[in-house]
Amino acid sequence: MTRTQRPTKPSRRLVPRALVTRERIGGVGETVPGVPVTWIDRPRSRTAAVIHLHGGAHVAGEQPEHWRWLEELRRRSGAAAAMIHYRMPPTSPFPAALDDVLAVIRDLRERADVRDGGWVLSGDSSGGGLALAVLAALRDEGIPLPAGVILLSPWTDLTLADPLVAAREDRDRVLSAPALARCAHEYAGGYALTDPRVSPRFASFEALPPVLLFAGSEEILLGDARALAEALRAAGVPVAFTEQPGGQHDDAVMSDGPAAQWALRRQIAFVREACGLRA
């Protein structure tokens, strides 16, 4: 995996530069004056917003495909969009990423830059696992949660103990278990992989907002997604889970084919309904 950690912006061909802004939000202690956040159509954030946590196995930053997907979701839903450029290992292992995202969300709410009931949290791959950890922390702090959550091929169990990790490895063209295991230990630092803040698959899911969940039938994290859907339902969380036939890991973001477009239409409808946007 190419490790690109420097924050990027969407290309000028994708988004007019006038719509793209970057700011530092939510200082973390004395050492981090603020977390870089890149916005598309920032003024609309008080009406509706999608706040995204990118994948990259916890060690790599966002890719151009993340921006293509996020911009299309933003444009077609009518919401603002934000990418949080949280810290990553090796310089900043856990809990840096979790601290960064929580600091941004707390600050956005305190400044009324997002409205309660008017924003959606999304995450793909490792960003999906981070999103779940963020939700559990916000809930435990008594902070109002987003109106909905979009999880795309989330990596929520860093122990890689699910049997489908081995069973799907010869069919997954994107991920490998040995590479993920190295990333998991690098991310966790001195924390146990079973810590629910590191592997939110082991967290409590009670009182979480509605979840829209996607995974591909060919990926090694399919069992992770299936177990997550079951646990969410058992906790009384409304969840719509789609297992895309023939889909690879993170196809909903990294692919632009018919299945990914179908998934995107569902995500657009989910954002509009969750944020109360008129059709």
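Everything in this summary refers to the structure shown in the same document. (Residues numbered from 1 in each chain as written. Predicted model: local features only at pLDDT ≥ 70, side-chain atom pairs only at ≥ 80, totals over all residues. Heavy atoms only, no water.)

### Some details on helix 6 (residues 222-234)
Working note: α-helix, 3.6 residues per turn, so residues spaced by three or four point in the same direction.
Part 1 of the argument: The end-to-end C-alpha distance of helix 6, which contains 13 residues, comes to 19 Å, matching closely the 18 Å that a straight helix rising 1.5 Å per residue would cover.
Part 2 of the argument: Turning to helix 6, its buried residues number three or more, namely Leu222, Gly223, Asp224, Ala225, Leu228, Ala229, Ala231 and Leu232.
Part 3 of the argument: Residues of helix 6 that are buried make contact with helix 3 (126-141), strand 6 (148-152), helix 4 (163-167), strand 7 (211-216) and strand 8 (239-244).
Part 4 of the argument: One or two positions beyond helix 6, positive phi appears at Gly236, with a value near 85°. (Helix = DSSP H or I, 4+ residues; strand = E, 2+ residues; numbered from the N terminus. Expected span 1.5 Å × (residues − 1). Buried < 20%, exposed > 50% of the residue type's maximum accessible area, 1.4 Å probe, protein only. Contact = heavy atoms within 4.5 Å.)

### Here's the deal with the packing of helix 1 (residues 64-77) against helix 8 (residues 258-275)
Part 1 of the argument: Interaxial distance between helix 1 and helix 8 falls to 9 Å at its minimum, and their mutual angle equals 50°. In this view, helix 1 runs oblique relative to helix 8, as classed from their interaxial angle. Read as a crossing pair, helix 1 and helix 8 show a hand that is right-handed. Along its contact with helix 1, which presents Trp69, Glu72, Leu73, Arg76 and Ser77, the element helix 8 presents Gln261, Leu264, Arg265, Gln267, Ile268, Val271 and Arg272.
Part 2 of the argument: The residue makeup of the contact of helix 1 with helix 8, split by class, is five nonpolar, three polar and four charged. (Axes fitted to C-alpha atoms, helices over the stretch in contact; angles between N-to-C directions. Parallel < 35°, antiparallel > 145°, perpendicular 65-115°, else oblique. Left-handed = near helix turned anticlockwise from the far one by under 90°. Nonpolar A, V, L, I, M, F, W, Y, C, P; charged D, E, K, R; others polar.)

### As for the packing of aromatic side chains
Part 1 of the argument: Applying the stated criterion across every chain, the model contains two aromatic pairs.
Part 2 of the argument: Taking 5.9 Å as the distance between ring centres and 65° as the angle between the ring planes, the aromatic pair formed by Phe94 and Tyr187 counts as edge-to-face. Of this pair, Phe94 sits in the loop between strand 4 (80-84) and helix 2 (96-110) while Tyr187 sits in helix 5 (residues 177-188), placing them 93 residues apart in sequence.
Part 3 of the argument: A relative accessible area of 2% means that Tyr187 is categorised as buried.
Part 4 of the argument: When the ring of Phe94 is compared with that of Tyr191, the centres are 4.9 Å apart and the planes differ by 80°; the resulting orientation is edge-to-face. With Phe94 in the loop between strand 4 and helix 2 and Tyr191 in the loop between helix 5 and strand 7, this pair connects stretches of sequence that are 97 residues apart.
Part 5 of the argument: The exposure class of Tyr191 is partly exposed, given its relative accessible area of 36%.
Part 6 of the argument: Joined through ring pairs, the aromatic side chains of Phe94, Tyr187 and Tyr191 make up one cluster.
Part 7 of the argument: Sitting over the face of the ring of Trp39, Arg42 holds its NZ or CZ atom 4.4 Å from the ring centroid. (Phe/Tyr/Trp six-rings, centres within 6.5 Å; stacked < 30°, edge-to-face > 60°. Lys NZ or Arg CZ within 6 Å of the ring centre and 35° of its normal.)

### Some remarks on the sheet that holds strand 2 (residues 35-40)
Part 1 of the argument: In spatial order, the strands read 1-2-4-3-5-6-7-8; together these eight strands make up an open sheet with mixed pairing. Only two strands of the sheet have a single neighbouring strand rather than two, namely strand 1 (20-25) and strand 8. Mean inter-strand twist for the sheet, computed between neighbouring axes without regard to direction, equals 20°.
Part 2 of the argument: The sheet contact formed by strand 1 and strand 2 spans six bridges and is antiparallel. Its bridge partner lying in strand 2, Val20 is registered against Ile40.
Part 3 of the argument: Against the sheet, helix 3 contacts strand 3 (49-53), strand 5 (119-124) and strand 6, and its axis sits at roughly 135° relative to strand 5. (Pairing = 2+ DSSP bridges.)

### Focus on unusual backbone geometry
Part 1 of the argument: With an omega dihedral of 10°, the bond running from Pro89 to Pro90 counts as a cis peptide bond.
Part 2 of the argument: The topology assignment puts Pro90 in the loop between strand 4 and helix 2.
Part 3 of the argument: Of note, the bond from Phe94 into Pro95 is cis; its omega dihedral lies within 30 degrees of zero at 10°.
Part 4 of the argument: A positive phi angle is found at Asp250, which is not glycine, with a value near 60°.
Part 5 of the argument: Within the fold, Asp250 resides in the loop between strand 8 and helix 7 (251-254).

### Observations concerning the pairing of strand 7
In the case of a regular strand, side chains alternate between the two sheet surfaces.
Part 1 of the argument: The buried fraction of strand 7 amounts to six of the six residues, a majority that puts the element mostly inside the structure.
Part 2 of the argument: Covered by surrounding structure in strand 7 are Val211, Leu213 and Ala215 together with Leu212, Phe214 and Gly216, the residues of both alternating faces.
Part 3 of the argument: One ladder, built from four bridges, connects strand 6 with strand 7; its direction is parallel. Bridge pairing in strand 7 links Leu152 to Phe214.
Part 4 of the argument: With six bridges connecting them, strand 7 and strand 8 associate as parallel partners. Paired with Leu213 across the strands is Phe241, a residue of strand 8.
Part 5 of the argument: Taken together, strand 7, helix 6 and strand 8 constitute a β-α-β crossover, and its handedness is right-handed. (Right-handed = clockwise from strand over helix to strand, strands pointing away.)

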